[in-house]
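Each chain, written out:
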Amino acid sequence: MDYNEYYDIIFAPIEEKYGKLDEETMTSIIGFSMGGPVSMSSINSKRVYASCELSVYPEQKKSTDGYKFEFLSTGYFNAETCQNIFTALGNLSFNAQLGNGHTIDVSGVVGDGSVSLVKLSMFSCSTYLNEKIAIYEVSPA
């Protein structure tokens, strides 16, 4: 799989609507697969963040809509809060089917109490090598 091509395709709707993603990806020394936070692409100046590794894990359950998927936040959260929420939702996606319209309690991962529930909304759908991939926008419920 060509990961650059893959993410160019699935992130095209984000860039079309919000502008070019920043060149650097937010990553951690300890990767998501080893228990660290999920990696994110961003447009920091607009507080736009997208997870960029979850849909390639075979452990991720397809959504209730039938897609592998990534998450997007558009101005609701700062980078740290967004990364905490995406990481928790990413872990949940390995054990439960998530999908459009689902509401999830994130009060246990957002320490400042700024948000307790988030809602998933279908942002876009793409296809790569016959695999359907969605981006779900995560917003306060």
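For the structure itself, consult the block above.
Note that residues are indexed from 1 along each chain, following the sequence as it is written. Confidence filtering applies because this is a predicted model: local features only for residues at pLDDT of at least 70, side-chain atom pairs given and counted only at 80 or more, and all residues used for totals across whole chains, interfaces and linings. Note that water and hydrogens are dropped before the side-chain values are worked out from all heavy atoms of the structure.

A.B. asks: Give a detailed account of the overall build of the protein, specifying residues and quantitative values.
C.D. replies: Secondary structure elements follow DSSP: runs of H or I no shorter than four residues count as helices, runs of E no shorter than two count as strands, and numbering proceeds from the N terminus. In terms of regular secondary structure, the protein is built from two helices and six strands. Traced from its N-terminal end to its C-terminal end, the protein shows the element sequence α-β-β-β-α-β-β-β. When we talk radius of gyration, it's over C-alpha atoms, and the globule rule is simply 2.2 Å times the number of residues to the 0.38. Relative to the 2.2 N^0.38 estimate, which gives 14 Å for 141 residues, the radius of gyration of the protein is 14 Å and therefore close to what a compact globule would have. Counting only C-alpha atoms and orienting by the principal axes, one finds that the protein spans roughly 40 × 30 × 30 Å.

A.B. asks: Got a sec to walk through helix H1 (residues 3-18)? Specific residues and values, please.
C.D. replies: Every helix has an expected span of 1.5 Å times one less than the residues it contains. End to end, H1 covers 21 Å across 16 residues, agreeing with the expected 22 Å (1.5 Å per residue, within 8%). Here the bend at a residue means the angle between the axes of two seven-residue stretches, the one that ends at it and the one that starts at it. Taking the largest bend as the criterion, H1 deviates by roughly 50°, centred on Phe11, and proline Pro13 comes between one and four positions later. Summary of the burial criterion: residues with accessible area below 20% of their type's maximum are buried, those above 50% are exposed, and those between are partly exposed, where the area comes from a 1.4 Å probe applied to protein chains only. What H1 keeps buried is the set Tyr6, Tyr7, Ile10, Phe11, Ile14 and Tyr18. Looking at the packing, one finds that the buried side of H1 touches strand S1 (40-43), strand S2 (48-51), strand S3 (68-74), strand S5 (117-128) and strand S6 (131-140). Looking at where H1 begins, the residue whose side-chain oxygen comes 3.1 Å from the main-chain nitrogen of Asn4 is Asp2. Two residues or fewer past H1, Gly19 is found with a positive phi of approximately 110°. Contacts are assigned to residue pairs that have any heavy atoms within 4.5 Å of one another. Each polar contact in these results corresponds to two N or O atoms within 3.5 Å; when the atoms are within protein, one needs to be able to donate a hydrogen and the other to accept it, and residues that are neighboring in sequence are counted only if both atoms are side-chain atoms.

A.B. asks: Hey, could you go over the nonpolar core for me, with residue numbers and the actual values?
C.D. replies: Working definition of a nonpolar core: buried Ala, Val, Leu, Ile, Met, Phe, Trp, Tyr and Cys residues. They are joined through side-chain atoms within 4.5 Å. Core analysis: the largest hydrophobic core is formed by 24 residues, its most contacted members being Phe71, Ile85, Phe86, Val118, Leu120 and Val138. Elements that contribute at least two residues to this core include exactly S3, helix H2 (79-92), S5 and S6. Not counting residues within four places of it along the chain, the set of residues in contact with Leu120 comprises Phe71, Leu89, Leu98, Gly99, Asn100, Gly101, His102, Ile104, Tyr136, Glu137 and Val138. By size, the runner-up hydrophobic cluster in this structure holds 16 residues, among which are Tyr6, Ile43, Ala50 and Tyr128.

A.B. asks: Go over the packing of aromatic side chains with me, naming the residues and quoting the values.
C.D. replies: The criterion for an aromatic pair is that two Phe, Tyr or Trp rings (for Trp, the six-membered ring) have centres within 6.5 Å, with stacked assigned to planes under 30 degrees apart, edge-to-face to planes over 60 apart and tilted to the rest. Taken as a whole and judged by the stated rule, the model has eleven aromatic pairs. On the basis of an interplanar angle of 85° and a centroid distance of 5.2 Å, the ring pair of Tyr6 and Tyr128 is categorised as edge-to-face. With Tyr6 in helix H1 and Tyr128 in strand S5, the pair connects residues that are 122 residues apart, well separated along the chain. Assigned by exposure class, Tyr6 and Tyr128 land together as buried. With a centroid separation of 5.4 Å and an interplanar angle of 80°, the aromatic rings of Phe69 and Tyr136 are classed as edge-to-face. With a gap of 67 residues between them, Phe69 in strand S3 and Tyr136 in strand S6 connect regions that are remote in the sequence. Overall, the relative accessible area of 0% leaves Phe69 in the buried class. The buried category is assigned to Tyr136, whose relative accessible area is 1%.

A.B. asks: How would you summarise H2 if you had to cite specific residues and measurements?
C.D. replies: Over its 14 residues, H2 extends 20 Å from the first C-alpha to the last, a length consistent with the 20 Å expected when each residue adds 1.5 Å. Looking only at H2, the buried set comprises Thr81, Cys82, Gln83, Ile85, Phe86, Thr87, Leu89 and Gly90. Buried residues in H2 make contact with S1, S2, S3, strand S4 (103-105), S5 and S6. With a side-chain oxygen positioned 3.2 Å from the backbone nitrogen of Glu80, the residue opening H2 is Asn78.

A.B. asks: Can you explain the pairing of S2? Please cite residues and give values.
C.D. replies: In regular strands, side chains alternate between the two faces of the sheet. Across the two faces of S2 the burial is the same, with Val48 and Ala50 and Tyr49 and Ser51 all buried. By the bridge criterion, four bridges tie S1 to S2 in an arrangement that is antiparallel. Among the inter-strand pairings, Ser41 is bridged to a residue of S2, identified as Ala50. Two strands pair under a simple rule: DSSP has to find at least two bridges between them.

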